[in-house]
Every structure is written in C-alpha cells, then in structure tokens.
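Okay, here's what each chain looks like letter by letter:
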Amino acid sequence: MKLTMLGTGMAMVTACYNTCFVLQEREESMLVDGGGGNGVLVQLAKAGIDWKSIRHIFITHKHIDHIMGILWVIRKIGQGINRGDYDGCVQIYGHDEVILILQNMADALLQDKIKKYIGSRIIFQVVKDAESRQILGHTVTFFDILSTKDKQYGFTIEYTKGKRLTCCGDEPYNNQNSQYVTGSDWLMLEAFCMCGEAELFQPYEKHHSTVKEACEQAEALHIPNLILYHTEDTHMGQRKRLYRAEGRQYYHGNLCVPDDLEHYTLDGEEHRDDQSRISGEDR
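Every chain's residues receive numbers from 1 upward, in the order its sequence appears when written. In keeping with the model being predicted, local features are shown solely for residues with a pLDDT of at least 70 and side-chain atom pairs are shown and tallied solely at 80 or more, while totals for entire chains, interfaces and linings include all residues. Excluding hydrogens and water, the side-chain figures rest on all heavy atoms present in the structure.

1. Quick look at the overall build of the protein
So, step 1. Under the DSSP-based scheme used, a helix requires at least four consecutive residues in state H or I and a strand at least two consecutive residues in state E, with every element numbered from the N terminus. A tally of helices and strands in the protein yields eight helices and 14 strands.
So, step 2. Radius of gyration here uses only the C-alpha atoms, and the compact-globule reference equals 2.2 Å multiplied by the residue count raised to the power 0.38. Taking 283 residues into account, the globule formula puts the C-alpha radius of gyration at 19 Å, and the protein, at 18 Å, falls close to it.
So, step 3. Structurally, the protein occupies a C-alpha span of about 55 × 40 × 40 Å along its principal axes.
So, step 4. A fraction of 61% describes how many contacts in the protein between residues 6 or more apart in sequence connect residues 24 or more apart.
So, step 5. Computed by Shrake-Rupley with a 1.4 Å probe, the accessible areas treat only the displayed protein chains as cover when residues are assessed. In the structure as shown, the protein presents an accessible area of about 11,800 Å², 48% of it carried by carbon and sulfur atoms. Contacts: residue pairs with any heavy atoms within 4.5 Å of one another.

2. Overview of the packing of aromatic side chains
So, step 1. Between rings of Phe, Tyr and Trp, where Trp is taken as its six-membered ring, a pair exists when centres lie within 6.5 Å; planes separated by under 30 degrees are stacked, by over 60 edge-to-face, and by other angles tilted. Overall, the coordinates contain seven aromatic pairs when judged by the stated rule.
So, step 2. Aromatic side chains Phe58 and Phe155 sit 5.8 Å apart centroid to centroid with 85 degrees between the ring planes, which places their arrangement in the edge-to-face category. With Phe58 in strand β4 (residues 54-58) and Phe155 in strand β9 (residues 153-160), the pair connects residues that are 97 residues apart, well separated along the chain. For the pair formed by Phe58 and Phe155, the shared burial category is buried.
So, step 3. Judged by centre distance (4.5 Å) and plane angle (5 degrees), the rings of Phe143 and Tyr180 are stacked. Think of it in three bands: residues with accessible area under 20% of the maximum for their type are buried, residues over 50% are exposed, and the middle band is partly exposed, with areas taken using a 1.4 Å probe on protein chains only.

3. Structural notes on the pattern of salt bridges
So, step 1. A side-chain nitrogen of Lys or Arg and a carboxyl oxygen of Asp or Glu constitute a salt bridge if their distance falls within 4 Å. This structure, assessed with the given rule, holds eleven salt bridges.
So, step 2. The salt bridge partner of Glu216 is Lys212, with a shortest N-O separation of 2.8 Å. With Glu216 and Lys212 both in helix α7 (residues 211-220) and four residues apart, the pair spans about one turn of that helix.
So, step 3. According to the relative accessible area criterion, Lys212 is partly exposed, its value standing at 22%.

4. So, unusual backbone geometry
So, step 1. Phi angles above zero are rare outside glycine, and Arg26 is one such case at about 60 degrees.
So, step 2. Here Arg26 is to be found in the loop between β2 (20-25) and β3 (28-32).
So, step 3. Here Arg26 falls in the exposed class, since its relative accessible area comes to 72%.

5. Considering empty space enclosed by the protein
So, step 1. Note on definitions: the grid is 1 Å and covers protein atoms alone; a cavity is a set of points where a 1.4 Å probe fits but cannot get out; a pocket is an open set with protein on both sides within 12 Å along at least five of seven lines; lining residues have an atom within 4 Å of a point. Grid points are joined across faces, edges and corners, and a volume is the space filled by probe spheres set on the points. Throughout the structure, instances matching the rule amount to one cavity of 30 Å³ or more.
So, step 2. In this structure, the largest cavity encloses a volume near 60 Å³.
So, step 3. Forming the boundary of the largest cavity are Thr19, Cys20, Phe21, Val32, Asp33, Thr60, His66, Gln152, Cys167, Gly169, Asp170 and Tyr229.
So, step 4. Grouping the constituent residues of the lining of the largest cavity by class yields five nonpolar, five polar and two charged. In this count, Pro and Cys sit with the nonpolar residues alongside Ala, Val, Leu, Ile, Met, Phe, Trp and Tyr, while Asp, Glu, Lys and Arg are called charged and the others, Gly among them, polar.

Below you can see the structure in the form of structure tokens.
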C-alpha cells in the first residue's frame, strides 16, 4: 500500500497545501480529506494519481480546510460519469454531521447533471464510532477522536496481515483511543509547530500540539513509524531538518516529516524518511 501526502499544512497555509492524503492499493485509491478548494485536483495531477482511481473518500471533520475540496472531487467524478470516463461508484464516508453538510453543499452548489448520480453512483455513507468497513480490500475502522472542538473521526486500517496504519485526525492523540492506536506500525499525528515556537503560533489555543508532544506520544506508544503533518508553513525549506532535530530528542523510531506530494510504501523498504530518503542538506 502506498500513502501519498497531497498536502501537509494547517488551515491558513499558503506555501503548501492543506493536509490531505491518498492511500493506493493496486488500481484503486482512497482520498482522506480534500483541502480547502480545487487545489486538490492540482495535487492529484502533480502526484500522478489518476482521479478515476478514487473509489473511496473519507472526510475527518467539517472544517473548511478539510471538506471544501471534496466538493470539487465530487464534481470531477460526476463530470466523468457523464462523459463515460468513470466506471462504477464512489463511496464517501464521514460521521453524520459531515455527511449532512456535504449533502447540503452538493444540493446547493452542484448542477443537476451531477446531482442526479447522488445515491446511485455517488454514495454518501454515514459511519459511526468503532464501525468497520471493507475499503481497498482491507478492514478500516473509524473512531471518534474525542475532539475538544468539533466532532471528528480518525481511522485505522490493517494494510497487510497484522500491520496497521492509524490516522488521528488533526488534534492531539487522546489516550481513550488507545485500542485503535496501540500496536500500530504507522501513526499519523498533527504537529502544528515546534515547541520552541509555541508562543508564536499558539497551538494550544487551537487545540493542537507541538512536534515535541506528538513525538512524546509516539514514543510512549512504541510506534515504529511516525508521520507528522498539519503544520505551519513558515519553515518550508527547513521544515524536515528543524522538525526532526526537535523530534529526535523525544522519539527514536522512523520520524517522517513529509513535504507535499511525498509518498511512503507502507509494507516495503521505501519508507525510511529519516534515513534513506533524506537529502544532503537534511543530513
């Protein structure tokens, strides 16, 4: 299974795209969140991901930097269905609040020639806490991250037998979700900024965490591979080096600080972000 980060930034970034990513297995893809606009289509094209491969979409929560891009993907798929370029269906998953908002936006903003496929080939699926679905041929379990702001879900996927990737959304890990996170081979956590710049970026006001705290959590959970995302964008040329320098003080596994469009092969050798994939500058 391949994971491609389409975007890695928080809501107000301009030097990178909002956090969203794609999981690919064989000829099908699952898009997780869509960023804040039609830039998601640009990122898919840059990543070399065929939009026609997207058969599953999951939206973590209703914030505009996660949900608005999904409308553009629905429009793209709807147009493809009309032209005969898109076969089959796309399944769109989210908790009840997310799906209601997306349905209302689609009804208000999309043309009838696209809306006519909703329910037949563009299918909204409300998922509940602890509910599992078969996606990309694997078991995906959705869970409430117990957000302190708006209702938000994460998920865990068993991408090969006995190995799991878990995404905790864009808020700090809550230990009440330990049943989903403990034992994960890959963990995706938000890291709004470095600890030394917390006063500047005010992560706690926004219910976010720092690199230090995310790495401490992963270390305590004995996670082998950690991906940090949903960051500020003032250090784009230096972000890998700076975030790793802070993170390695607290976490001793494979620390991944991806740039937009960077990818990882979860069950292969091509995933050592802190070793084989780092540039000369980062060394």
